[in-house]
Amino acid sequence: MAKRTASEASGRTATEAPYVKRQRVERVGGSREDASPPAVEEVSTARQLQKALIFERGTAEVFRSGLFLLKKFLDSILYSTDDHDLPRKRAILREYLDSQRPNKPNGQVDQDSPFLPHLIQAWDFAAASNYDALLAQVTAGLALLIKVISSCADFVDYGALLCKTILHPTVARRLGRSLSAGPSQDNIISPVLRLLTELTRFNEGAHARAIYAKRDFTLEPKTLGRNIGLWTDPKGKAVVDLHRKPSVRVNAVRYFLTHLRYLDELAKIELLSNRNIVRAIFDHLHADPPFLISEILNVLKSHVFQDKAIPRQVKSRILTGRILSHIAGLYRYQSPEGSLAEGQTSPDQVAHEFLCMVCTSPAYGVMLPTSGFYPMTNDDDGDMGMEDATEFALDFGIDSSEALEGKGQVRNVILGEFTQSLKPYASILQQELVVSIFKACPELVADYFFHKEAFNYEPKLTSTWVGFSSFLYETIELPVPQYFGAKRTYRDYPPAVSTLIQSILPQPLTQQVLTKCLNQSSDLVNLFAVRVLIVAFHKLRAVLREFNTASQLKPSKSWEQASQRLTTEFCQRCPLVKTVILAFRRPAFQTDMMREAITRLLRLYYEVAPQVALQEKFDISVPLCNALTQAEKPTVASEDRAFRIMELEHWIQIARNSPSMRWWQKTKSLPHSPFVMLLKLIALSPEGQLYSGVKTLLVAILRDHDMLQMSTYPDGLDAIIVSLGAPCGSSSPSLQVLEFLDDCCARFMKGPIKYFDDKDIIAAKLPQSESTSGPLSPLLMTLVEQWPFKGGKDEKGNPAEPLAQWLSKLLYLLKLIGEDELLLGLVRDSLVASAAPAYQEVLRDAFLWKMGKEKAKAALKLATGADFSGSERSSASPIPTEQPKEETRIAAAVDLELPPKEDEKHTGLNRWRKKDIEESMENGDIGELLLCLCSQHAEIRLQAVINIRQLMGKINASEDPEFLQLKLLLGEALETAEPIVQSEPMPYVGGVFAARAVNVVADPMHFMFGKINQFLLKRPDWTVENLPRYFGKAIINSEPDQDGAYHKEVDWFLDYLIDCLRTPEDMEIFRTKNVIERLLSYYVSASCAISAKEKIVRLLLRAAAVGGGTTLITRCGLVSWIQMRLENNDHRHRMLRELVSRIYETSDKDKVDVWSSGTTAGTIASLAKVGA
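Keep in mind that what you see is a predicted model, and the values were worked out from it rather than measured.

About the thresholds
- Residues numbered from 1 in each chain as written.
- Predicted model: local features only at pLDDT ≥ 70, side-chain atom pairs only at ≥ 80, totals over all residues.
- Heavy atoms only, no water.
- Helix = DSSP H or I, 4+ residues; strand = E, 2+ residues; numbered from the N terminus.
- Contact = heavy atoms within 4.5 Å.
- Areas by Shrake-Rupley, 256 points an atom, 1.4 Å probe, with all protein chains shown as cover.
- Salt bridge = Lys/Arg side-chain N within 4 Å of Asp/Glu carboxyl O.
- Buried < 20%, exposed > 50% of the residue type's maximum accessible area, 1.4 Å probe, protein only.
- Phe/Tyr/Trp six-rings, centres within 6.5 Å; stacked < 30°, edge-to-face > 60°.
- Lys NZ or Arg CZ within 6 Å of the ring centre and 35° of its normal.
- Axes fitted to C-alpha atoms, helices over the stretch in contact; angles between N-to-C directions.
- Parallel < 35°, antiparallel > 145°, perpendicular 65-115°, else oblique.
- Left-handed = near helix turned anticlockwise from the far one by under 90°.
- Arc of directions from axis to C-beta.
- Expected span 1.5 Å × (residues − 1).

Take the overall build of the protein chain next. When helices and strands are counted, the protein chain shows 62 helices and 0 strands. Here the contacts in the protein chain between residues at least 6 apart in sequence split such that 73% fall between residues at least 24 apart. Here the protein chain displays about 55,700 Å² of accessible surface, and carbon together with sulfur accounts for 51% of that area.

Below you can see the structure in the form of structure tokens.
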């Protein structure tokens, strides 16, 4: 068999020409991928673009030149420098794009053919032949083209056609292939990412959903996660290069963020649920350029975490502990020089704002709802799950908070671990973040310090120690959460003391460490220690106030026990007061600022922890005298003077709390007593506002001793201060005046009762028509007594002239502020009668407007703000107001039982001092003192507590067994009121009972003596809310202690109810204890006397007067009850008709009409009409 010929083997005939292989053409400049852009001319017509962008397989290089021409043309539009030439270029582009539309023969747009066919054809060829350079160039050209189209609203239709063409399945598959190119082919991946980003952003995200629908090619999770993770180290690169040629990671991250901006919630949830993508974004966050970090965090903040449509669970899956640590790593980020544009926020600040937002609110996924200082419980409020533990602890005498320690776990575990990884001592921003987290999650404070074993606060003046000090100060300064973290009200048990103490004095601040800090040689260490202790005392006081409020609202004694235990724990951690006193005496604390700070600390010891302060014997008079001396010295800087005055305020407050202080006793180091020295300082100070705190303390001191009347405004103290102002031609008041005033104050304090009697003697000289006298300062009686020894003799040179001038000015000012003019006239006459002839004219003209009194009047107006224009009497002084005639007419018919108003003079505070105990009981002075516990003014209530204690001391000193019952009553009233008087007044239900009980215990023959004493022997304090119900049952429903005294006891009980019902709070007690309903039932019983019925009606009128009309109608059914009584021809029909009208007038008519469906108004009108 012969061999085949070549033609036979190839299947061709012999006549056919042989196949010639195309020869490879070598480029002079290298490979086609390395082709440099040719020199291109400027585009002037659309036809020029059409010719340049015609693609044929053999002319790929020519087409690339056209792409360069297109890029230059699009850049000239996008970054135009000539606004006048821009419309022409856009017209050229529009003409070119119109020519590239796929049209049918009839002229309509062909929806099936691709837009820009030559570019798409070249794209296909490059992808099929692995022509990477052409592929990248076409992709970049399309991305630039869609960017230019987006910049002009007239090109929206062309953009829509291009998006549709690119999202065609065959083209989209090509996108996915390019995105999954090798990691080193960034020239292929980046253009595709830029193209997809521009398509997603086009027309405000109109095609974002379509791109997301092709997510198998455009958003494949593994591919996108890999591309996001393709980071390059930006170090060594110019800032311009980072913006001009972004890396694959930058383009991929921007593409992902664009989808977050424009996609709907469901699509965003699916994207964010992929851990590969989210983790890749944050893993290399520390190496990203500043602009990308800002974009990532701002988009996540605005479009994810602040988007309420995205569930919290999705947000919580994003911010794991690892990702939080990556973001916190930006606190150490160092921005390259020139990388931040003007006005751009640095990455560490952006990260700080982001973390502060997501870590302090449960809505953002990281933080879980917290219960404040309480441990985590299954119940919403936590009360039900802990009641058994609380009761068990109380039964065995254990602190309930101690019993509950360790029962709950910290709920915010992620935040707890995250805060442990931060360094608040090294960065102010990190410190702010940790403090913000502590404020939002108070439970983490104790957890932080429990686990921070390496937290060492040994005093060393290093940057780390200063950072620790600042952090501790900010942590302690955090406010106490409302109800300690409970939702609606206080729980039945307090938080654990071990948890609370960590937020007041954290674990590193031990007594030993704080003592070392106070004894350090460094002023800065000393100051930091004092400041930390000051803010800790303030925090303790705030917590104790909350404990006090909770103990009043909750029946459990665990609040009181926890308060005592917390105070004890705090005292064990803070330095001894002896240490603070020794530090105060050191030279380091003799500068104004340091001395003021440590004096403030000593004041807090006496106010918050007196049991610790009073353990050390400390003579207050010496530093007080030094402070007075320093305050008198002239200073150059106003700041130094302010520090000295604040220090003086602290010493005055310490002296008030010190039992050994003598205000009216001279010392060797001072020319006058401390009280007169303070008056002189205030009188001579041109900066009255600086001494406002000192003046407030002086008012408190005077109220305790009733030396000057304080019932008018301006008061007696204002008049004294203004009268001591420097006279004309002098810079200070006369030494003779100060010595005379000092001597009179001391004499008054030695025997005040004598001068009160002198005041009564002068008042008795008034005519019978003026039997009711106005206010008068008792100190004037001392001045009258001592004046003859100074100005009663004729002496050469009239040495008492300044004293006479001062007395004249003082009388004028006292008249001006509203003291009784007739009594002042009698005082003036007494002074004139005992004065030498040389001084009589001065004193006689005391009330006339001369001798510089105009200046005194202006000074008084400037100091107090009172208006004296047009009158010689202060318009701010209390003037009795006339009652309207209409009200008087009604009162003449039926007394409306308006509640008595509080006595603004509060004479009961000190009136008992002027008489012996028995006389004070009979005259009702002690009862008035007890009623001061119900005052609306906190300072009056606190003074009442002090005076009651002093009265008990007076009873103890008398050792009279007859006053044993009175002492028991006072003690129980004090125990009942003292826990609440600082925050709110004692209800009149308790105060009136105490006042009326004084009269009972004073008379062993009183018909209520037995029942009152039986009640007093039950317990050491009272539950005020139960008093009406207890005595109602003990009196109305029980037999009397004495035969025939039943109706007397009932009348006593009803009088007590009428008297104590003065405020809406008292009415609320009546409502909750069903007092009104019980009395209405008693009214219709056969045992109710006529007098009792009238008093019950009076009580109902009183209830209407204090705002109880709505309660009487809607809860007690009083309208129907009155209607039935009138139908039964009740003899008190006039009072009942007035009552029914009164309760409707004072009620909430809208609420009553809704409750009765509008029938109440008609019923009341008919009853009133019948009465008319």
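Let's shift gears to the environment of Ala208. Mapped onto the secondary structure, Ala208 falls in helix α10 (residues 208-213). Ignoring anything within four residues of it in the chain, the contact list for Ala208 reads Thr200, His259, Tyr262 and Leu263.

Below, the discussion takes up the pattern of salt bridges. Going through the model one piece at a time under the given rule, you end up with 34 salt bridges. Between Arg747 and Asp743 there is a salt bridge, with its nearest N and O atoms 3.0 Å apart. Placement of both Arg747 and Asp743 in helix α39 (residues 735-750) is noted, with a separation of 4 residues, approximately one turn of the helix. With relative accessibility at 38%, the residue Arg747 sits in the partly exposed group. Taking the shortest distance from any N to any O, the salt bridge between Lys1011 and Glu1049 comes out at 2.7 Å. Placement of the pair is Lys1011 in helix α52 (residues 1009-1016) and Glu1049 in helix α54 (residues 1046-1060), with a sequence separation of 38 residues. For the pair Lys1011 and Glu1049, one class covers both residues: buried. Here the residues in one salt-bridge network are Asp85, Arg88 and Lys89, joined through shared partners.

Any two aromatic rings considered together are summarised by their centre-to-centre distance and by the angle between their planes. As enumerated under the stated definition, the model contains 35 aromatic pairs in all. Relative to Phe468, the ring of Tyr425 has its centre 4.8 Å away and its plane inclined at 45 degrees; by these criteria the two rings are tilted. Linking Tyr425 in the loop between α23 (413-421) and α24 (428-440) with Phe468 in helix α26 (residues 463-476), this pair joins segments that are 43 residues apart in sequence. Plain terms: the ring middles of Phe993 and Phe1031 are 5.1 Å apart, the flat faces sit at 40 degrees to each other, and that makes the pair tilted. Of this pair, Phe993 sits in helix α51 (residues 988-1001) while Phe1031 sits in helix α53 (residues 1027-1035), placing them 38 residues apart in sequence. On the accessibility criterion, Phe1031 (0% relative accessible area) is buried. Ring pairs connect the aromatic residues Phe993, Phe1015, Trp1022, Tyr1030, Phe1031, Trp1052 and Tyr1056, which therefore count as one cluster. Note that Arg215 overlies the ring of Tyr212, its terminal NZ or CZ placed 4.5 Å from the centroid. A cation over a ring is seen here: Arg531 above Tyr473, with NZ or CZ 4.0 Å from the ring centre.

Time to look at unusual backbone geometry. Residue Pro714 follows Tyr713 across a cis peptide bond; omega there is -5 degrees. Within the element layout of this structure, Pro714 appears in the loop between α37 (692-705) and α38 (716-723). For Glu204, which is not glycine, the phi dihedral falls at a positive 55 degrees. Relative to the helices and strands, Glu204 resides in helix α9 (residues 186-205).

At a minimum axis separation of 9 Å, helix α29 (residues 523-553) and helix α30 (residues 558-573) run at an interaxial angle of 165 degrees. Here α29 lies roughly antiparallel to α30, going by the angle between them. Read as a crossing pair, α29 and α30 show a hand that is left-handed. For the pair α29 and α30, the contacting residues are Ala536, Phe537, Leu540, Val543, Leu544, Phe547, Ala550 and Ser551 in the first and Trp559, Glu560, Ala562, Ser563, Leu566, Thr567 and Phe570 in the second.

Time to look at helix α19 (residues 321-328). All of the buried residues along α19 are Ile323, Leu324, Ile327 and Ala328. Taken end-on, α19 shows its buried residues confined to a sector of 140 degrees, consistent with a single buried face. The inward-facing, buried residues of α19 abut α16 (275-283), α18 (312-318), α20 (347-358) and α23.

Okay, α51 next. Across its 14 residues, α51 extends 19 Å between first and last C-alpha, which sits within 8% of the 20 Å expected from 1.5 Å per residue. Burial analysis of α51 places 12 of its 14 residues in the buried class, the great majority of the element. Within the sequence span of α51, burial applies to Tyr988, Val989, Gly990, Gly991, Val992, Phe993, Ala994, Ala995, Ala997, Val998, Val1000 and Val1001.

Turning our eyes to something else, we now look at the side chain of Ser190. Its place among the elements puts Ser190 in helix α9. You can call Ser190 buried: its relative accessible area is 7%. Excluding residues that lie within four positions of it along the chain, Ser190 makes contacts with Pro246, Ser247, Val248 and Asn251.

All right, on to the environment of Ser1120 then. Here Ser1120 lies in helix α59 (residues 1118-1127). Measuring from C-alpha to C-alpha, the distance between Ser1120 and Thr1160 comes to 9.5 Å, with 40 residues separating the pair along the chain.

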